[in-house]
Amino acid sequence: MNADEDENVEEQIQALGKAIKLLWSLSFKDRFPSREIVVSLFEEDDGELFVTVYEDEK
């Protein structure tokens, strides 16, 4: 990522995570319209951000 030293890297990582979640959600919905694929973000106590993908079996 291009960032100035003054910019908040954590905010950029959060924004990137949200963008990935949105794009992957749209992509899975387009490619697998009959399946319920969930893309979620979570942050651990140490600040690590994770993107998880799974199929919801409703």
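One can find the structure itself at the top, above this paragraph.
Rules used in this analysis
- Residues numbered from 1 in each chain as written.
- Predicted model: local features only at pLDDT ≥ 70, side-chain atom pairs only at ≥ 80, totals over all residues.
- Heavy atoms only, no water.
- Helix = DSSP H or I, 4+ residues; strand = E, 2+ residues; numbered from the N terminus.
- Expected span 1.5 Å × (residues − 1).
- Buried < 20%, exposed > 50% of the residue type's maximum accessible area, 1.4 Å probe, protein only.
- Contact = heavy atoms within 4.5 Å.
- Polar contact = N/O pair within 3.5 Å; in protein donor to acceptor, adjacent residues only side chain to side chain.
- Salt bridge = Lys/Arg side-chain N within 4 Å of Asp/Glu carboxyl O.

Draft legend 1. Representation of helix 1 (residues 9–31) in the model. Look at helix 1: 32 Å from first C-alpha to last across 23 residues, which is about the 33 Å you get at 1.5 Å a residue. Residues Gln 12, Gly 17 and Phe 28 constitute the buried set of helix 1. Where helix 1 is buried, its residues meet strand 1 (37–43) and strand 2 (49–55). Between the side-chain oxygen of the N-cap and the backbone nitrogen of Glu 10 there are 2.9 Å, and the N-cap of helix 1 in question is Asn 8.

Draft legend 2. Focus on the pattern of salt bridges. Following the criterion strictly, the structure yields one salt bridge and no others. A salt bridge links Glu 55 to Arg 35, with the nearest nitrogen and oxygen atoms 2.8 Å apart. Of the two residues, Glu 55 sits in strand 2 while Arg 35 sits in the loop between helix 1 and strand 1, which places them 20 residues apart along the sequence. Of the residues examined, Arg 35 reaches a relative accessible area of 41% and is grouped as partly exposed.

Function cannot be read off these values alone, since they describe shape.
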